[in-house]
Amino acid sequence: MLLVKKQIFFVIILLFFFSEVKAHGNLSIRITEITFEIYKNPKSAVLYFKRGYLYYQHNEYKKAIKDYRKSEYLGFKNKILYFRIAETYFKANKLKKALNSSEACIKYDTLDIKTHKQKAQILFKLKKYNDAIVAYKYVIENTVDLRPEDYIEYSDMILAIANNNYNSAIAALDLGLKKLGKNTIIFQLKKLKFLKKSNQIKKIINQYNKIIQSNKRKEFFYYEKAKYLFEIGDFENSNIALQQAKLAIKELKLKFQNTIAIEKLQTDMNSLEIKLRV
């Protein structure tokens with residue numbers, strides 16, 4: 001009787017395997033393989049944890065949480081488990097549960113940068129902006145290898161608290177520029193956006209100059225500068241920037257001059273030039 005039950009179980013698993021693999025590929029194979037391992041070792045907390053993470057990657061969040069909780073029940077209680085539970089709840093948009101799990105993770109390691117960042121993101125989505133800033137400030141001040149996206153996320157959080165606090169948001173970006181390099185274009189463009197939002201004209205023009213100076217391809221930025229100068233009524237300098245854009249295009253290799261992007265840019269430049277003549 002026991003043998004028959006085992007055979008039935010394996011048939012069910014195989015049917016699941018063949019139906020899922022076609023749709024989801026290698027990830028489904030790994031889930032099926034580890035399911036066999038769990039069948040042979042039903043008290044293995046580590047196996048449940050591993051399958052839970054596979055389910056998470058497979059976007060099956062309920063199954064992931066179920067496996068994580070089973071792993072916890074079997075004795076696998078540590079920082080990584082609660083971090084994984086928190087990220088799964090976060091993806092499933094169950095934010096209060098995500099926050100509880102993230103805080104449980106921090107109890108295991110109060111200095112863990114990754115968990116503080118996770119907590120900040122959860123708090124931000126819960127619209128607890130002040131708490132989110134405190135958590136993210138810890139990340140910014142204590143992480144050595146931050147990515148540009150981290151500083152941008154931090155600046156966005158600052159503006160979420162006070163939507164006109166552009167100087168503080170810009171200061172966050174300047175910190176990123178200082179740590180990651182002044183030529184980091186993603187920071188420079190974001191800073192330009194904030195300067196425009198706060199209408200800091202002199203700093204906007206200076207920012208355009210910095211971007212132009214630090215980039216090999218200058219034609220697009222010269223045109224954007226010319227357009228901005230036209231919008232604020234500085235027609236003389238707008239024309240100068242426009243001529244610089246034309247010269248930058250002429251200095252390109254022919255294969256670049258003949259691209260669709262450059263052809264569109266020249267059309268836009270011609271349109272702006274007509275406006276400047278009026």
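For the structure itself, consult the block above.
What comes next is a walk through the structure. Fair warning: this is a prediction, and the values are worked out from it, not measured in the lab.

This paragraph deals with the overall build of the protein. Looking only at helices and strands, the protein features 16 helices and zero strands. Along the longest, intermediate and shortest principal axes, the C-alpha atoms of the protein span 95 × 45 × 30 Å. A buried classification covers 39% of the 278 residues belonging to the protein. Nonlocal contacts in the protein, meaning residues at least 24 apart in sequence, comprise 48% of its contacts between residues at least 6 apart. For the protein, the computed accessible surface area is about 16,800 Å², with 56% contributed by carbon and sulfur atoms. A gap of 4 Å separates the mean positions of the 52 positive and 27 negative side-chain charges of the protein.

Looking now at helix α7 (residues 113-125). Between its first and last C-alpha atoms α7 spans 19 Å; for 13 residues at 1.5 Å apiece the expected length is 18 Å, and the two agree. For α7, the full list of buried residues reads Thr115, His116, Lys117, Gln118, Ala120, Ile122 and Leu123. Those residues of α7 that are buried lie in contact with α5 (79-91), α6 (95-108), α8 (129-142) and α9 (148-161).

If you trace the backbone, Lys202 turns up in helix α12 (residues 201-214). Sequence spacing of Lys202 and Arg277 is 75 residues, and the spatial spacing of their C-alpha atoms is 25 Å.

Okay, the pattern of salt bridges next. Tallied over the entire structure, the rule returns 19 salt bridges. Of the charged contacts in the structure, one is a salt bridge between Arg51 and Asp67, with a shortest N-O distance of 2.6 Å. In this pair, Arg51 is assigned in helix α3 (residues 45-57) and Asp67 in helix α4 (residues 61-73), connecting sequence segments 16 residues apart. Exposure class is identical for Arg51 and Asp67. Each is buried.

Let's shift gears to α9. If you check α9, its first and last C-alpha atoms are 21 Å apart, about what 14 residues at 1.5 Å a residue would give, namely 20 Å. Considered for burial, the residues of α9 that qualify are Asp150, Tyr151, Ile152, Tyr154, Ser155, Met157, Ile158 and Leu159. Of the surrounding secondary structure, the elements contacted by the buried residues of α9 are α7, α8, α10 (166-180) and α11 (185-197).

Now for the environment of Leu27. You can see Leu27 is positioned in helix α2 (residues 26-40). Leu27 sits in the buried class, given a relative accessible area of 16%. In contact with Leu27, not counting residues within four places along its chain, are Leu54, Gln57 and His58.

Okay, the layout of surface pockets next. Its boundaries defined by the atoms lining it, the largest pocket holds a volume of some 310 Å³. Residue lining of the largest pocket: 16 residues in total, with Phe83, Lys114, Lys117, Gln118 and Gln121 positioned closest to the centre. Residue assignment for the lining of the largest pocket shows that the elements contributing at least two residues are α5 and α7. Per-element accounting of the lining of the largest pocket gives the leading share, five residues, to α7.

About the criteria used
- Residues numbered from 1 in each chain as written.
- Predicted model: local features only at pLDDT ≥ 70, side-chain atom pairs only at ≥ 80, totals over all residues.
- Heavy atoms only, no water.
- Helix = DSSP H or I, 4+ residues; strand = E, 2+ residues; numbered from the N terminus.
- Buried < 20%, exposed > 50% of the residue type's maximum accessible area, 1.4 Å probe, protein only.
- Contact = heavy atoms within 4.5 Å.
- Areas by Shrake-Rupley, 256 points an atom, 1.4 Å probe, with all protein chains shown as cover.
- Lys, Arg positive; Asp, Glu negative; His and termini not counted.
- Charge placed at Lys NZ, Arg CZ, Asp CG, Glu CD.
- Expected span 1.5 Å × (residues − 1).
- Salt bridge = Lys/Arg side-chain N within 4 Å of Asp/Glu carboxyl O.
- 1 Å grid on protein atoms, 1.4 Å probe; cavity = no way out; pocket = protein on both sides within 12 Å on 5 of 7 lines; lining within 4 Å.
- Points joined across faces, edges and corners; volume = space filled by probe spheres on them.

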